[in-house]
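Coordinate analysis (summary)
What follows is the residue order along each chain.
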Amino acid sequence: MLGRLTTLPFVLFVLVGLVLLPGCGEKDTFVVLENPFEGSLAGSESTLEIVTWNVEHFPKEDQTTVDYLIQAIEALDVDIIALQEIENNLKFRELYNGLEGWNGVNAGSASYNMNLAYLYKTGGPIDNITFREILTNEDALPRAPYVMECTFDGVPLVIINNHYKCCGDNVIEDNNDWDEETRRRDGNLILQEYIEAHFAAEKVIVLGDMNDELTDAPEANVFANFLNDPDNWRFVDLAIAEDSNAQWSYPSWPSHIDHILITDELFAEHDGREAEVSVLPLHSYFSSFSEYDRDISDHLPVMFKFKPLPVDTDEREEDPNPFEGATVGTASALEIVTWNLEHFAKDGQATIDYLIQAIETLDVDILALQEIEDSLEFYQLHNGLEGWSGEKAGSASYDMDLAYLYKTDGALDDISFREILTDEDALPRAPYVMECTFNGVPLVIINNHFKCCGDGEIDEGREWDEEYRRLQSSILLDEYIEANLADQRVILLGDLNDELTDNPDDNVFANFLNNPARWRFVDLSIAEDKTVLWSYPSWPSHIDHILITDELFTAHEAPGSEVMVLPMHSYFNSFPEYVSHLSDHLPVMFKFIP
């Protein structure tokens, strides 16, 4: 009978035999406690093993659970484990820190902290690893699917971890969006559409606790969209679902509800002689399933073991850069761009890929960004730009954060960031300051995203009137800069959500426009010219601005200085297509020599 682990450190020692034999003079003898999962080895050096495992309210038995999992994972010796129900971040960190040669990452958006996570081996054939959440605002998916992209021995793979809505009555109610089966059915349809749009021709593995059975009748089967398309999709665990319940992943029901689905690009691997799919019987190392359930989970892990095959490179031609010819940067000048990326990343990986290509082609120096809503995807963006880095604020309501991207291999130096005016109701996003030097010249850049909307009139009697808040924002920034950044080269920019050409009585920028000896909107000529491209064509209006202090007037007037709206939409078939992939705003650039 397997007893419960102690909560002492993981490497345990026990005294065996006689600790001290009277009169014998022998020393105490210690041995390492045997791993209780000895014999459960599932991995091999030549194959990739991917496991899905709902670890139910991790850690459900606190340190005991952590210790058992460390031992089980070391004994199994698999490569990647997709986990569900990670409820304690600190204990999860303790778990992967206790595994030599492993790392871990968990999402953080799930309700009730029932987060998705991955554990994966480091220092081996797994490389080029990125993570992100997708489909974050879909009611059908209560836990946003968590994507791990990686290569295994150079072969690219996409893994999508899921935890679908539980429970129900085994009836799909088409007219009830909150019916459990309907949500699972819709979750499958949404995932299929996303994968076909974003991962066409990729080796994709969809897995997790999907909370329903593959063998339900067609009219009640939430997986019908996949099961009815066997040329493109395959549940590698279907044979388990159709077999004896002794092999199922959820013995307490019993049912088999943890699945692994692959796209046709992996069919050859599944058909290979080294492929194996199994429910790992870790409960058999306990005296009963109820004991396993008490200390670890009510689910058993499911494994897909296979040898990834190289991609036929002749069939995977690299897409040309759609922004070819968009370069505006030069070696001698500094190019600063403001760009509202509207709910970044609004089209997931497609947005990230387009931005990497656009930014690399533009070859500017600094981008001040607005509406960065996903930290993981922003991290993926700046990591995908060679010779660039990024910093993001984190205080904005609705996660509409400000951020910067900037070159790291050029003339920029002495870089620091901070938020200012953090408690002002007029400023829904605290201005985000980047201080730096360019070829030794100090600069202060202040990124902003003012309150949107309104009726075009400043209502000074209403504190929450949109125009009045923008007016107060301008005044607060003016006062702050005069008090704290006097004599500095200051560039104030961003989505300021109003027009420079409004009549004086309702112009929220009047304090700046009425002081031309101190302040200058370098994009004023764009705003005044209805024949040129504006930054917000869908209105149309010009609401993204760049304002400088008098310390930069000479640089603005010097040869080589340039201000323009960058026509990134012109590299698409239409402006709506640009909007669908990137943003409803166009970037605005100020190019000058400090």
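Now for a quick tour of the structure. Model, not experiment: these values are computed from the prediction. (Residues numbered from 1 in each chain as written. Predicted model: local features only at pLDDT ≥ 70, side-chain atom pairs only at ≥ 80, totals over all residues. Heavy atoms only, no water.)

**Considerations on the overall build of the protein chain**
In terms of regular secondary structure, the protein chain is built from 14 helices and 26 strands. Expressed as lengths along the three principal axes of its C-alpha atoms, the size of the protein chain is roughly 95 × 70 × 55 Å. Here the protein chain holds 594 residues, and 54% of them are scored as buried. Within the protein chain, contacts between residues at least 6 apart in sequence are counted, and of these 70% link residues at least 24 apart. Entry remark: accessible area of the protein chain is about 25,800 Å², with carbon and sulfur atoms responsible for 47%. (Helix = DSSP H or I, 4+ residues; strand = E, 2+ residues; numbered from the N terminus. Buried < 20%, exposed > 50% of the residue type's maximum accessible area, 1.4 Å probe, protein only. Contact = heavy atoms within 4.5 Å. Areas by Shrake-Rupley, 256 points an atom, 1.4 Å probe, with all protein chains shown as cover.)

**Quick word on helix 3 (residues 180-198)**
Along an α-helix, a turn takes 3.6 residues, which lines up residues three or four apart on a common side. Under the 1.5 Å per step criterion, the end-to-end length of helix 3 is 27 Å for 19 residues, consistent within 8% with the ideal 27 Å. Taken together, the buried positions of helix 3 are occupied by E181, T182, R183, R184, R185, G187, N188, I190, L191, Q192, Y194 and I195. Two or three places before E181, at the opening of helix 3, D179 has a side-chain oxygen 3.3 Å from that residue's backbone nitrogen. (Expected span 1.5 Å × (residues − 1). Polar contact = N/O pair within 3.5 Å; in protein donor to acceptor, adjacent residues only side chain to side chain.)

**What about the packing of helix 1 (residues 63-76) against helix 2 (residues 89-97)?**
Helix 2 packs onto helix 1 with a crossing angle of 30° between their chain directions and a minimal axis gap of 9 Å. Our classification of the angle between helix 1 and helix 2 gives roughly parallel. As for the relative orientation of helix 1 and helix 2, their crossing is right-handed in sense. Contacts from Q63, V66, L69, I70 and I73 in helix 1 reach K91, E94 and L95 in helix 2. (Axes fitted to C-alpha atoms, helices over the stretch in contact; angles between N-to-C directions. Parallel < 35°, antiparallel > 145°, perpendicular 65-115°, else oblique. Left-handed = near helix turned anticlockwise from the far one by under 90°.)

**Observations regarding the sheet that holds strand 24 (residues 544-549)**
Strand order in this open sheet of six strands is 19-20-21-22-24-23, and the pairing throughout is mixed. With one partner strand each, in any of the chains shown, strand 19 (412-419) and strand 23 (519-521) form the two edges of the open sheet. Pairs of neighbouring strands in the sheet enclose a mean axial angle of 20°, with direction left out of account. Of the strand pairs in this sheet, strand 22 (residues 490-495) and strand 24 are connected by five bridges, and their pairing is antiparallel. Bridging from a neighbouring strand, L493 pairs with I546 of strand 24. (Pairing = 2+ DSSP bridges.)

**Section: the pattern of salt bridges**
Taken as a whole and judged by the stated rule, the model has 25 salt bridges. Two residues, E482 and R518, come together in a salt bridge whose shortest N-O distance is 2.8 Å. Of this pair, E482 sits in helix 10 (residues 466-484) while R518 sits in the loop between helix 11 (510-513) and strand 23; the two residues are 36 residues apart in sequence, bridging distant segments of the chain. With relative accessibility at 11%, the residue R518 sits in the buried group. Members of the salt-bridge network, linked through shared partners, are E482, R518, D550 and E551. (Salt bridge = Lys/Arg side-chain N within 4 Å of Asp/Glu carboxyl O.)

**A look at the packing of aromatic side chains**
Under the defined criterion, the tally for this structure stands at 30 aromatic pairs. With a centroid separation of 5.5 Å and an interplanar angle of 40°, the aromatic rings of Y404 and Y432 are classed as tilted. With a gap of 28 residues between them, Y404 in strand 18 (residues 401-407) and Y432 in strand 20 (residues 432-438) connect regions that are remote in the sequence. Considered together, Y404 and Y432 belong to a single accessibility category, that of buried residues. Over the face of the ring belonging to F267 we find R234, whose NZ or CZ atom lies 4.0 Å from the ring centre. Lying across the ring of W519, R518 places its NZ or CZ 5.3 Å from the centre. (Phe/Tyr/Trp six-rings, centres within 6.5 Å; stacked < 30°, edge-to-face > 60°. Lys NZ or Arg CZ within 6 Å of the ring centre and 35° of its normal.)

**Describing helix 10**
With 19 residues, helix 10 should cover 27 Å at 1.5 Å per step; its first-to-last C-alpha distance of 27 Å lies within 8% of that length. Three or more residues of helix 10 are buried, namely E467, Y468, R469, R470, L471, S473, S474, L476, L477, D478, Y480 and I481. In this structure, the buried side of helix 10 is in contact with strand 19, strand 21 (441-449), strand 22, helix 11, strand 23 and strand 24. Backbone nitrogen of E467 and a side-chain oxygen of the N-cap are separated by 3.4 Å at the start of helix 10; the cap is D465.

**Some words on the side chain of K91**
For K91, the location among the structural elements is in helix 2. What makes K91 buried here is its relative accessible area of 15%. Excluding residues that lie within four positions of it along the chain, K91 makes contacts with F58, P59, D62, Q63 and V66.

**Things to note about the sheet that holds strand 8 (residues 146-152)**
In spatial order, the strands read 7-8-9-10-12-11; together these six strands make up an open sheet with mixed pairing. Of all the strands in the sheet, the pair left with one neighbour each is strand 7 (126-133) and strand 11 (233-235). Direction aside, the axes of adjacent strands within the sheet are offset by 20° on average. One ladder, built from five bridges, connects strand 10 (residues 204-209) with strand 12 (residues 258-263); its direction is antiparallel. Looking at the pairing, L207 lines up with I260 of strand 12.

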